[in-house]
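Now for the letters of each chain:
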Amino acid sequence: MPKHSNNKHAHKHPAHKHPVIIIGGGWSGLACAITLADNNIPIVLLESAPQLGGRARGVHFKQFLNTADKKAYSTQANRSHQQLDNGQHIMLGAYHTTLSLFHCLGIDTKKVLQRQTLQLSLFSPKTDNNKKQAIHLTTPKLPAPLHLIIALATTQGLSVKERFSAISMSIKLAIKQFTLKKDISVKALLNHYQQSAFLIQVLWEPLCLATMNTPIHSASAQVFLNVLKDSFGHKRSDCDYLFFKQNLSECFCQPAETFIEQHGGSIHLSSKVIDIIPKAHSFIINTAYGQFESSNIVLATPAAISQKILSKSPIASPYLLPRKASLEFQYEPICTVYLQYPSSTQLPQTMIGLFATLSQWIIDRSLCQQDGLLAIVISGSGKHLTMAQQDLAQQIHNELSACLDKLPQFIDYQIIIEKKATFSAKVDIEKQRPSNKTQINGLFLAGDYTQTRYPSTLEGAVKSGICAAQLVLEKINTQQ
Ligand SMILES: Cc1cc2nc3c(=O)[nH]c(=O)nc-3n(C[C@H](O)[C@H](O)[C@H](O)COP(=O)(O)OP(=O)(O)OC[C@H]3O[C@@H](n4cnc5c(N)ncnc54)[C@H](O)[C@@H]3O)c2cc1C
C-alpha cells in the first residue's frame, strides 16, 4: 500500500539513474506508478491508448444517438449522457486495496462511490406457461457470517429446502476455510452440495458470472470461494456493493494522473511499446516514437499483449516464467447495453438482476446523474454477440418490459462489447498464473491475471500493481 509521505521529493533514491518504466496505464499500471511515485521513485508510464484506464475507463460519445427519435432525446437528455464507461463496473466492500489507494489519492469515496448493503432482487419475465418469478435477498445489519445465514434463511422466492441447502453449503465451506484440496468447476461444487437447478439458476450462477465472468461449468470453484471468503468471511460491510457515481476516468484515472505528475512522474499517452531489448544492466524499450532505457520495467499490459511484446524481444518466454506459469490465457467477453429512457424512468433499486433472459444485471445510472439511463450487463458468450445492435437493444428492452411494470419505450441506445473483457477463470487457473517477479532481473509483471487469488477485477489489478511496485522498491533498496 502506498505510504503517505509528507515530505515529497525530500530525497530521491540515488541507486538508479534511470526512471522505472511502467508499460500500460490500466488500473494495475496506475496503482504501480502511484506506489512508486509516492516513494519518491522517478517513473515513466507508457500507455498505447490516447487515455488512461485500460479496460476500466470513461468513454465519451459525441453522438450517443442511434435511434430515430432525436427530438425526444434532445428534450430529455443532457450532455452528461454522452459520458459512459467502456463497461459498467461495480466494486465490493471487500476491495480494501483499491479503497486504500483511493484514500492515498485523496479521493473522497463518499462523493464518488455509493455504498449499498447487499440486496439481490432477481426477476424472470412472464412467459405463456410460466408465472413471473422474483427472488429477493437482503443482508441484515448483523455481524458476519450471521448476516449471510439470515439473508439466505429469509430469501423470498426460494423453497425452505433450497434455503436450507444454500445455508448448509455456506457453513460447510466456511468450516473448510473456503479452501478446496483439489480445484473443480463451480458447477461440480454446487452439485456436490446438492444445490437444486433452480437455486443454481437464480443465485449461484448469476453470482459466479458477476464475479468471475466465467460460465459455471468451467469456472474455478477455488477462485469463486476466494471471492466468497473475502466478501462473506470477515466484516459484514465486505459484501456491500460500491457503485461509481462518476465515470471511471473522472473517478480514478484523472486523480491518479494528477498524483503521479505532482510526484515527479511522467505519463506518455499514445506510446505503444513494441519490444524490450535487454542490455548488460538495463533494458531498451522501443516505442513507435522513440526509445527509453531503464534497469527496472513493470510490464502492466494484459497477458496476451505482454506475451506479444516479449515474443518480439530477445527474452525467451521459457526463461521468463517459472515452470507451469504461462501468459497464455483464454478470455471472456462482456457486453454492456446502455438504454436511454425518459428521465423519469427509474428502477425499483440501483441494481436488479434478471434470469432466464439475455440480460443479467441492470444498473440505474441516475446514480451518475444520468436520469433514465439503464446499463444492462451481459457477461460471457452468447447469441447477443452476433445480433444486429438495434435488434439486441429491442430484445433487452422487451425483457425489461416483461419484468418491470410500465416501462416506456426507450429513446436511444449504445452498445459496447469488450471481446477480451476478462481472462477466463477456469479450473486450475491458479496453477498457471504467474507471479509479479520474472526470472529476468529487473523485469516485473503486473495485471489482473497475475497471482492475486482474485478473478479479473479492479481489486486484482490494483493488488498486482502494488505488489510489482513493492518488488521494484525491494530491488532498488537492496542495491543502495
Ligand atoms: C466490460 C467490463 C466490465 C468489467 N466489470 C468489472 C466489475 O464490475 N468489477 C471489477 O472489479 N472488474 C470488472 N472488470 C475487470 C476490470 O476492468 C479489469 O480486471 C481491470 O481493469 C484490468 O486492469 P489491468 O491494468 O490489469 O489491465 P488493462 O486495463 O487491460 O490495462 C492494460 C493497459 O495496457 C495498455 N497497453 C496495451 N498494449 C500496450 C503497449 N504495447 N504499450 C503500452 N501500453 C499498452 C492498454 O491500453 C491498457 O491501458 C470489467 C472489465 C470489463 C472489460
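**So, empty space enclosed by the protein**
Throughout the structure, instances matching the rule amount to one cavity of 30 Å³ or more. Looking at the lining of the largest cavity, its residues break down into five nonpolar, no polar and two charged.

**Some remarks on the sheet that holds strand S6 (residues 113–116)**
Strand order in the open sheet formed by three strands is S5-S9-S6, and the pairing between neighbours is antiparallel. Bordering the open sheet on either side are strand S5 (90–92) and S6, each of which pairs with just one other strand. Recorded for the sheet is a direction-independent mean angle of 30 degrees between the axes of neighbouring strands. Here S6 runs beside strand S9 (residues 241–244); their pairing, made up of four bridges, is antiparallel. Within S9, the residue paired with Arg115 across the bridge is Leu242.

**A word on the side chain of Gln432**
Position of Gln432 relative to the elements: it lies in helix H14 (residues 429–432). Those residues within four positions of Gln432 in sequence are excluded, and the remaining contacts are Lys324, Ala325, Ser326, Glu328 and Phe329.

**Some remarks on the site of the ligand**
Around the ligand lies a shell of 35 residues, among which Ser28, Glu47, Arg55, His89 and Asp448 are the nearest. Trp27 places a polar main-chain atom, nitrogen or oxygen, 3.3 Å from an oxygen atom of the ligand. The backbone of Leu458 places a nitrogen or oxygen atom 2.9 Å from an oxygen atom of the ligand. Protein chains bury 93% of the 1000 Å² of accessible surface belonging to the ligand in isolation. For the shell around the ligand, the residue count by class is 15 nonpolar, 15 polar and five charged. Split by domain, the shell around the ligand shows at least three residues from each of two domains, domain 1 (20–54 + 247–329 + 433–479) and domain 2 (58–94 + 110–115 + 330–423).

**Some thoughts on the pairing of strand S19 (residues 412–423)**
Among the twelve residues that make up S19, nine are buried, leaving the element largely enclosed by the rest of the structure. Bridge count for strand S15 (residues 331–340) against S19 is nine bridges, and the pairing is antiparallel. Counterpart to Ile334 in the pairing with S19 is Glu418.

**Looking at the pattern of salt bridges**
Using the criterion set out here, one finds nine salt bridges in the structure. With a closest N to O distance of 3.1 Å, Arg55 and Asp448 form a salt bridge. Highlighted residues: Arg55 in the loop between strand S2 (43–46) and strand S3 (58–60) and Asp448 in the loop between strand S20 (443–445) and helix H15 (458–479), separated in sequence by 393 residues. Residue classification places Arg55 among the partly exposed positions, given a relative accessible area of 28%. Ionic pairing is found between Asp428 and Lys431, a salt bridge with its closest N-O pair at 3.5 Å. Residue Lys431 is classed as exposed on the basis of its relative accessible area of 54%.

About the cut-offs
- Residues numbered from 1 in each chain as written.
- Predicted model: local features only at pLDDT ≥ 70, side-chain atom pairs only at ≥ 80, totals over all residues.
- Heavy atoms only, no water.
- 1 Å grid on protein atoms, 1.4 Å probe; cavity = no way out; pocket = protein on both sides within 12 Å on 5 of 7 lines; lining within 4 Å.
- Points joined across faces, edges and corners; volume = space filled by probe spheres on them.
- Nonpolar A, V, L, I, M, F, W, Y, C, P; charged D, E, K, R; others polar.
- Pairing = 2+ DSSP bridges.
- Helix = DSSP H or I, 4+ residues; strand = E, 2+ residues; numbered from the N terminus.
- Axes fitted to C-alpha atoms, helices over the stretch in contact; angles between N-to-C directions.
- Contact = heavy atoms within 4.5 Å.
- Near = heavy atom within 4 Å.
- Polar contact = N/O pair within 3.5 Å; in protein donor to acceptor, adjacent residues only side chain to side chain.
- Areas by Shrake-Rupley, 256 points an atom, 1.4 Å probe, with all protein chains shown as cover.
- Domains from an automatic or database assignment.
- Buried < 20%, exposed > 50% of the residue type's maximum accessible area, 1.4 Å probe, protein only.
- Salt bridge = Lys/Arg side-chain N within 4 Å of Asp/Glu carboxyl O.

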